[in-house]
Amino acid sequence: MAGEKMEEWHWPAGYDQNYLPDPGSPYWFPNRETMDPQERDAAVLERLPLVIQHAYDNSPFYRRKYDAAGLDPKDITTWEAFEQVPVVVKEELRQSQVDAPPFGDYICVPDSEIHHIHGTSGTTGTPTGFAMGRRDWEVIADNHARILWGMGVRPGDTVFVSALFSLYLGSWGAMSGAERLRCKVFPYGAGASGMTSRAIGWLTRTQPKAFYSTPSYALRLAEVAEQEKVDPREFGIKIMFFSGEPGASVPAVRNKIEKAFDTRVVDCGTMAEMTPFMSASATDGSPDGMLLWQDIVWHEICDPDTYRTVPYGDEGTPVYTHLERTSQPMIRLASKDLSRWEMKDNGCGRTYPSLPSGVYGRIDDMIHIRGENVYPTEIDNVLREISGYGGEHRVLVSRTGSMDEIKVRAECTDADTAEFEKAATSGLHRVVGLRVGVEVVAANTFERSEHKAKRVIDDREHTQKK
Ligand code: 8LE
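What counts, and at which threshold
Residues numbered from 1 in each chain as written. Predicted model: local features only at pLDDT ≥ 70, side-chain atom pairs only at ≥ 80, totals over all residues. Heavy atoms only, no water. Pairing = 2+ DSSP bridges. Helix = DSSP H or I, 4+ residues; strand = E, 2+ residues; numbered from the N terminus. Axes fitted to C-alpha atoms, helices over the stretch in contact; angles between N-to-C directions. Contact = heavy atoms within 4.5 Å. Buried < 20%, exposed > 50% of the residue type's maximum accessible area, 1.4 Å probe, protein only. Disulfide = S-S within 2.5 Å. UniProt positions renumbered as here; feature names shortened; annotations may be inferred. Polar contact = N/O pair within 3.5 Å; in protein donor to acceptor, adjacent residues only side chain to side chain.

1. A short note on the sheet that holds strand β6 (residues 239–242)
Phase 1: One open sheet accounts for five strands, arranged β4-β3-β5-β6-β7; its pairing is parallel. The sheet is open, and its two edges are formed by β4 (184–186) and β7 (264–267), each paired on a single side. The average undirected angle you get between the axes of adjacent strands in this sheet is 20°.
Phase 2: As paired strands, strand β3 (residues 158–161) and strand β5 (residues 210–213) are joined by three bridges and run parallel to one another. Each bridged residue has a counterpart across the sheet, and for phenylalanine 160 the counterpart in β5 is phenylalanine 211.
Phase 3: Along the sheet face, helix α8 (residues 195–206) touches β3, β4 and β5 and points at about 170° away from the line of β3.
Phase 4: Relative to β5, helix α9 (residues 215–227) is tilted by about 115°, and along the sheet it contacts β5 and β6.

Pasting the structure below:
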């Protein structure tokens, strides 16, 4: 049996709710985190058929899917076999919830076990419902507590959760982990009118050690603080951990937040379906990008066409598999995001693979233009490094005849706008590889997001029809 040395490694998962590590230990579970990765992988390979069998036995969704593929969960005993397990795409989950409302026929636990219901806002399509088992919620909290410990959060620390507490799982997941870690949690929330301005007072009063939000929200908070003549460094925040969108691993965004708050930025996050979504997360001793905590969720970086794992060093799309969830377990969920993975010495002693540049975008959001692939995060990074940048921009993609055009409307403060335009034009040309038209607009022209930013307006289909 592989995994004998791994702390509390059993199926179904369950953790001693009173456990806390030795206060001096950088690790929650020293063996699981620092063991020989091949031994860990061997233990995961023993776990996978159990999760797949559970899904097959308890859900018509997975049974249909695997029967159609001629797949028997018992045969998933090699990595080669696992890589041929068909991926799950979000559209299938949505369809399953339309056909078997409200949670779809992949729920896998009895109704009496459901402890929390969550949902998405549905801004990008039909909303998705999440049903979390009681035992799963405990396991999720344990996993997140363990990862927060890795970031340097400790019992007794104040954790300020400043993200939506309605249709967003991020806040709930962060809160559950901080509670399990015995922190003082402030579920402050976000999104209601006037809340950002009031957050400034609460942050000054509570002096939290750790803070959670989306990167966009932290940038917004810094701006509002500046308008109200409060220096965000006075909040005393030591650790700002973010999920929900790229940003914490975009160098200029990260620098801006670290400087504004005099803090340490930590990137984390996979997908709401994959809760415990903090399974990809940086640590105190390995602050860049994210580590893939492979004994919580199995992360693969795959070729987006074949869904075969790409070698370390290569780019691909993350594909995720739960190892500990029994309610709505996801087996090879295709994220449609983009990242690059590596296996290197992480500095913190954890032997996990990493995403050195985080998750840098979604395949759908990548702009294909005149033979180039442009990531919106690259544009963000260029603009933020130029002095005089006003803090927001929009990327407009259009078509005139057969010619695609890309233009950036960027806010500029009262600095020299001609200088700013020149620097932006040449910076974007260098990074994007194309001539990008720059239109300078006044600071505060664009609406700020208090959740996830949306900056690209691709009007090509529309302009083509004209
Ligand atoms: C780059 C993970 C969570 C709960 O914060 C979240 O946002 O989940 P949600 O709403 O299902 O959105 C998932 C998508 O947000 C991912 O597919 C990815 O495109 C983006 N995302 C989440 N965390 C990050 C991220 N993109 N870096 C991140 N750290």
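2. Some points on the environment of methionine 6
Phase 1: Among the secondary structure elements, methionine 6 is positioned in the segment before α1 (30–34).
Phase 2: Taking relative accessible area as the criterion, methionine 6 reaches 5% and is therefore assigned buried.
Phase 3: With 284 residues separating them in the primary sequence, methionine 6 and methionine 290 have C-alpha atoms 22 Å apart.
Phase 4: Leaving out residues up to four positions away in the same chain, methionine 6 has contacts with Arg32, Met35, Arg40, Ala43 and Asp295.

3. Let's talk about the state of the cysteines
Phase 1: According to the stated counting rule, one finds zero disulfides in the structure shown.
Phase 2: Counting only cysteine sulfurs, cysteine 268 is the nearest neighbor of cysteine 348, a cysteine outside any disulfide, at a range of 15 Å.

4. Brief notes about the UniProt feature "domain: AMP-dependent ligase C-terminal" (unreviewed entry) in the chain
Phase 1: Mapped onto this numbering, the UniProt entry gives "domain: AMP-dependent ligase C-terminal" (unreviewed entry) at residues 371–460.
Phase 2: With 29% helix and 38% strand, the stretch residues 371–460 has end C-alpha atoms that lie 15 Å from each other.

5. A few points about the side chain of serine 249
Phase 1: Tracing the backbone through its elements, the reader meets serine 249 in the loop between β6 and α10 (251–261).
Phase 2: By relative accessible area, serine 249 is classed as buried at 17%.
Phase 3: At 2.5 Å, the side chain of serine 249 and the side chain of aspartate 267 are in polar contact.
Phase 4: Leaving out residues up to four positions away in the same chain, serine 249 has contacts with Asp267, Gly289, Ser357 and Gly358.

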